[in-house]
Amino acid sequence: MLEQRTSVRVRKARPTDSEALAAVFASSWSLAYTGILPENHLRTMISRRSPGWWRTNLRSDGNMLVLQVGGKVAGYATCGPARSRGNVQGEIFELYLDPLYQGLGLGEHLFEGCRSILDSRRLRGLVVWARVGLSFTSTTKRKRRTCWVSRTPRSCRSPCSQSPIPRAAPFG
């Protein structure tokens, strides 16, 4: 077990990833929203993202990346032009990891892959909407936090850079 390496790769999603993406979506949404959304509503939301839904959407969407760990799809992210008007032109719409791979710094690979796509399209800055905490107030159905990311290199080391899992190979 010592010195064992696992390959990590970010690449464009393909229709053949549909089964794995449906599983990642179901497991990550179940973990994130059980006890927050009514159970029937959550099951309905998850069932709408069936493998067929993924196959159809992957044929038309070139903005989806998958994270592979050891050859297995472990997560995905989507990005594109920001939906809201303002200073920021890019947005990460979704970034989900299979719960088995959460908390290991692997989401940063998808984040950086999205950032690369947005930079290549000359979209300045990006915004990410994220659920904060496990509970919501009675007047707020969704709590969101805006994360502004500059296009300049970061001066601090990320936790992911010190991980025993190697950096992801460039996607393509």
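Reading the values: rules and limits
Residues numbered from 1 in each chain as written. Predicted model: local features only at pLDDT ≥ 70, side-chain atom pairs only at ≥ 80, totals over all residues. Heavy atoms only, no water. Helix = DSSP H or I, 4+ residues; strand = E, 2+ residues; numbered from the N terminus. Buried < 20%, exposed > 50% of the residue type's maximum accessible area, 1.4 Å probe, protein only. Contact = heavy atoms within 4.5 Å. Areas by Shrake-Rupley, 256 points an atom, 1.4 Å probe, with all protein chains shown as cover. Axes fitted to C-alpha atoms, helices over the stretch in contact; angles between N-to-C directions. Parallel < 35°, antiparallel > 145°, perpendicular 65-115°, else oblique. Left-handed = near helix turned anticlockwise from the far one by under 90°. Pairing = 2+ DSSP bridges. Nonpolar A, V, L, I, M, F, W, Y, C, P; charged D, E, K, R; others polar. Core = buried A, V, L, I, M, F, W, Y, C linked by side-chain atoms within 4.5 Å. pLDDT = per-residue confidence, 0-100.

**What to know about the overall build of the chain**
Here is step 1: Looking only at helices and strands, the chain features 4 helices and 6 strands.
Here is step 2: Secondary structure of the chain in N-to-C order comes out as β-α-α-α-β-β-β-α-β-β.
Here is step 3: Across the 172 residues that make up the chain, the buried fraction comes to 38%.
Here is step 4: Long-range contacts, defined here as pairs at least 24 residues apart, represent 65% of the contacts in the chain between residues at least 6 apart.
Here is step 5: Roughly 10,600 Å² of accessible area belongs to the chain as shown, and the carbon and sulfur atoms make up 53% of that amount.

**Considerations on the packing of helix 1 (residues 18-33) against helix 2 (residues 39-48)**
Two quantities define a packed helix pair, namely the angle between the axes and the distance from one axis to the other.
Here is step 1: Close contact between helix 1 and helix 2 brings their axes to 10 Å; oriented N to C, the two are set at 160°. With respect to their mutual orientation, helix 1 and helix 2 come out roughly antiparallel. Note on packing geometry: the crossing formed by helix 1 with helix 2 is right-handed. Contact with helix 1, carried on its side by Phe25, Ala26, Trp29, Ser30 and Tyr33, involves Leu42, Met45 and Ile46 of helix 2 and no other residues of that element.

**Regarding the pairing of strand 3 (residues 72-81)**
Here is step 1: The element strand 3 is extensively covered by neighbouring structure, given that 8 of its 10 residues are classed as buried.
Here is step 2: Taken together, the 6 bridges between strand 2 (residues 64-69) and strand 3 define a ladder with antiparallel strand orientation. Among the inter-strand pairings, Val66 is bridged to a residue of strand 3, identified as Tyr76.
Here is step 3: Here strand 2 folds back onto strand 3, and the loop between the two strands holds 2 residues, one of which, Gly70, carries a positive phi near 60°.
Here is step 4: The pairing of strand 3 with strand 4 (residues 90-97) spans 7 bridges and is classified as antiparallel. Pairing of Tyr76 across the sheet is with Tyr96, part of strand 4.

**Some remarks on the packing of helix 1 against helix 3 (residues 51-60)**
Here is step 1: Here helix 1 crosses helix 3 at 120°, and the two axes come no closer than 8 Å. In terms of axis orientation, helix 1 runs oblique to helix 3. For the crossing formed where helix 1 meets helix 3, the hand is right-handed. Counted together, Ser18, Glu19, Leu21, Ala22 and Phe25 of helix 1 and Pro51, Trp54, Arg55 and Leu58 of helix 3 form the full contact between these two elements.
Here is step 2: Of the residues assigned to the contact of helix 1 with helix 3, the class counts are 6 nonpolar, 1 polar and 2 charged.

**Here we look at the nonpolar core**
Here is step 1: Counting residues in hydrophobic clusters, the biggest one holds 20 residues, and the most contacted among them are Leu67, Ile92, Leu106 and Leu110.
Here is step 2: Contributing elements (two or more residues each) for this core: strand 1 (8-12), strand 2, strand 3, strand 4, helix 4 (107-120) and strand 5 (126-131).
Here is step 3: Here the element with the most residues in this core is helix 4; it accounts for 5 residues.
Here is step 4: Ranked by size, the runner-up nonpolar core spans 17 residues in total, among them Ala32, Tyr33, Tyr76 and Tyr96.

**Some remarks on the confidence of the model for the chain**
Here is step 1: On average, residues of the chain carry a pLDDT of 78, and 73% of them reach 70 or more.
Here is step 2: Confidence, expressed as mean pLDDT per element, reaches its minimum in the chain at strand 6 (residues 144-149) with 39 and its maximum at strand 2 with 96.
Here is step 3: Between residues 134-172, whose pLDDT stays under 50, and residues either more than four places distant or in other chains, the model counts 74 contacts.

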